[in-house]
Every structure is written in structure tokens, then in C-alpha cells.
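Analysis of the macromolecular model
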Amino acid sequence: MKKNFSRRKILIYAFFLSIAKTMKAETRCIATPFQAIGPFYKEPKKKPNNDMTNNGKALGKKIKVYGQIFNKNCEPVKSARIDIWQANSLGKYNHEKDYSQSKLDKNFYGYLRLTSDNKGKYSFISIYPGSYRVSKHIVRTPHIHFKVTTSKKLLITQMYFSDDKNNKNDLLFNKTFNNNVLKAVLKKNINKNLLSCKFNIII
């Protein structure tokens, strides 16, 4: 009887240990996919706030992007440097190498640098980016670039918009493994003139 009882205890312990290991594995965060930095990155100028729209003067649909920076153990990463850049609402980058015929928006600089807070959080106000024309036959779907730098790691990636019909034709987006985590869902904000979306980054 004692042997059977001891064996039962061992089996129960092994069962709960396997559950604990599974739960621990499931709590690990999946790394955000890497994406190419592209030709239009440049060091952002220092800005007094996190508003890229020049107090709402920039052309296009205003959006708020917010989220957190986590490590692979799902722990918030504080003091991460976050460089952000994107095309304006007309599909033009504020960069000397953007030779497209799209027009610049004098009220939209398009480059920003943030630092995550003690909980790994960040947020900024921007506009919904226009589609960037690479060539006569190739057009990039709307996206926002992120470059996240910590004391030990560097990640370059891009955020896409889940409902944009151009996603299905974007080569870079579609060739990226696990690209669903790069999609953000725009929702109505308390401010009726502003849409918002959440984009967490795992580095």
C-alpha cells in the first residue's frame, strides 16, 4: 500500500510539474519580427513633445500609437530608445533620397525619438501614412518604422494597419514570418478626431 501511495504522489508531482513548465513556456513573449531599415532612416531631431502633427496642422487622418517594450520573458523594458519614422499622408518621406513625385507636407516632419518609461510604455501622435511608391509597379502598403535600442539589443521593425487593403500586395509584409504581430488595429479614441492603435514590441 505504501509503495502504491508513494508512486501515486510521484505521478501527481510529475503531472503538476509538467503543467508548470508549460505555463512558464507560454508566458514567454514571441520576439517581434525584424524588418529592413529601408533607405529613409535618419537621426531624428529633438522635439519638445511626442506630437508629429505640429499640433494637428499636418495633412491626413490623425492617429495615436501606443504600446510597451518587453523582453522575451514578458518583462517591461524601461529606458529603451525608440526611433520612429514614416511617410506623410501623401506617401512622401522627409528625406533627401526620396525621389518620388509625391509632395512634402511642411507641417509633418516624420521623424521622432522617444524613450520608454519605467513600465516600458511609449506613445505618440501621428497621421495615417500614405502608400509609398517604390517604382511604377511597386507600392508599399502604409507602415511606420521602429528602431528600438537597449543597452544589449537592437531591433528594427515596422508596424502595419490590420484593415488596410494594400497589405495583401505588399511583398515585404507577406514574406515576413509571423507577420500578424506586426498588424495594429485602429480604434475610435475618446477624442473623436483621433484614432488609436496599440503596438507592443518584444525585443
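Up top you'll find the structure we're talking about.
Thresholds, definitions, all that
- Residues numbered from 1 in each chain as written.
- Predicted model: local features only at pLDDT ≥ 70, side-chain atom pairs only at ≥ 80, totals over all residues.
- Heavy atoms only, no water.
- Core = buried A, V, L, I, M, F, W, Y, C linked by side-chain atoms within 4.5 Å.
- Buried < 20%, exposed > 50% of the residue type's maximum accessible area, 1.4 Å probe, protein only.
- Helix = DSSP H or I, 4+ residues; strand = E, 2+ residues; numbered from the N terminus.
- Contact = heavy atoms within 4.5 Å.
- Disulfide = S-S within 2.5 Å.
- Polar contact = N/O pair within 3.5 Å; in protein donor to acceptor, adjacent residues only side chain to side chain.
- Pairing = 2+ DSSP bridges.
- Phe/Tyr/Trp six-rings, centres within 6.5 Å; stacked < 30°, edge-to-face > 60°.
- Lys NZ or Arg CZ within 6 Å of the ring centre and 35° of its normal.

1. Describing the nonpolar core
In terms of nonpolar packing, the biggest core is built from 30 residues, with V65, I69, Y122, F124, I144, F146 and M159 touching the most fellow members. Elements supplying a minimum of two residues to this core: β1 (62-70), β2 (81-85), β3 (111-115), β4 (121-127), β7 (143-149) and β8 (154-161). When residues in this core are grouped by element, the largest group, four residues, is from β8. When residues no more than four places from it in sequence are discounted, the contact partners of I69 are E75, P76, V77, A80, I82, S116, G120, Y122, V148, I201 and I203. Counting residues in each nonpolar core, the second largest holds eight residues, with F40, W85, A87 and Y132 among its members.

2. Things to note about the state of the cysteines
Evaluation of the coordinates by the stated rule reveals one disulfide. Sulfur-sulfur distance for the disulfide between C29 and C74 comes to 2.1 Å. Taking the sign of the S-S torsion, about 125 degrees here, the bridge from C29 to C74 comes out right-handed. Here C74 lies in the loop between β1 and β2 and C29 lies in the loop between α1 (2-26) and β1, a separation of 45 residues in the sequence. Under the relative-accessibility criterion, C74 is labelled partly exposed at 28%.

3. Concerning the environment of N71
Within the fold, N71 resides in the loop between β1 and β2. Put simply, N71 and I201 are 130 residues apart on the chain and 8.4 Å apart in space, counted from C-alpha to C-alpha. When sequence neighbours within four positions are dropped, the list of residues in contact with N71 reads C29, V77, I202 and I203. A distance of 2.9 Å separates a polar atom in the side chain of N71 from the backbone nitrogen of N73.

4. So, the sheet that holds strand β9 (residues 183-184)
With mixed pairing, five strands are arranged side by side in an open sheet as β3-β2-β7-β8-β9. Two strands bound the open sheet, and with one partner strand each, they are β3 and β9. Of the pairings in the sheet, the one linking β2 to β3 comprises five bridges and is antiparallel in character. Bridging from a neighbouring strand, R81 pairs with T115 of β3.

5. So, the packing of aromatic side chains
Counting across every chain of the model gives 11 aromatic pairs. Ring geometry for Y160 against F173: centres 4.7 Å apart, planes inclined by 55 degrees, an arrangement best described as tilted. Remark: F173 occurs in helix α2 (residues 171-174) and Y160 occurs in strand β8; sequence separation between them is 13 residues. In this structure F173 comes out as buried when scored by relative accessible area, which is 5%. Put simply, the rings of Y122, F124, F146 and F199 touch in pairs and so form one group of aromatic residues. The ring of Y111 carries the charged tip of K42 above its face, separated from the ring centre by 4.8 Å. Here the guanidinium or amino end of K61 rests over the ring plane of Y128, the centre of that ring lying 5.4 Å away.

6. Quick look at the pairing of β2
Of all five residues in β2, four are buried; the element is thus mostly enclosed. In this structure, β2 lies alongside β7, joined through five bridges in antiparallel fashion. The residue of β7 that forms the bridge with R81 is T149.

7. Focus on the environment of D164
With respect to the secondary-structure elements, D164 resides in the loop between β8 and α2. Beyond its immediate sequence surroundings of up to four residues, D164 is in contact with Y128, T141 and P142. Of the polar contacts made by the side chain of D164, one reaches the side chain of Y128; its length is 2.6 Å. Engagement of the side chain of D164 in a polar contact is seen with the side chain of N166, the distance being 2.9 Å.

8. A closer look at the side chain of N167
In this structure, N167 sits in the loop between β8 and α2. Given a relative accessible area of 5%, N167 falls into the buried group. Within polar-contact distance, the side chain of N167 engages the side chain of T141 at 2.9 Å. Not counting the four nearest positions on each side in its chain, N167 is found in contact with T141, Y160, F161, S162, F173, N174 and K183.

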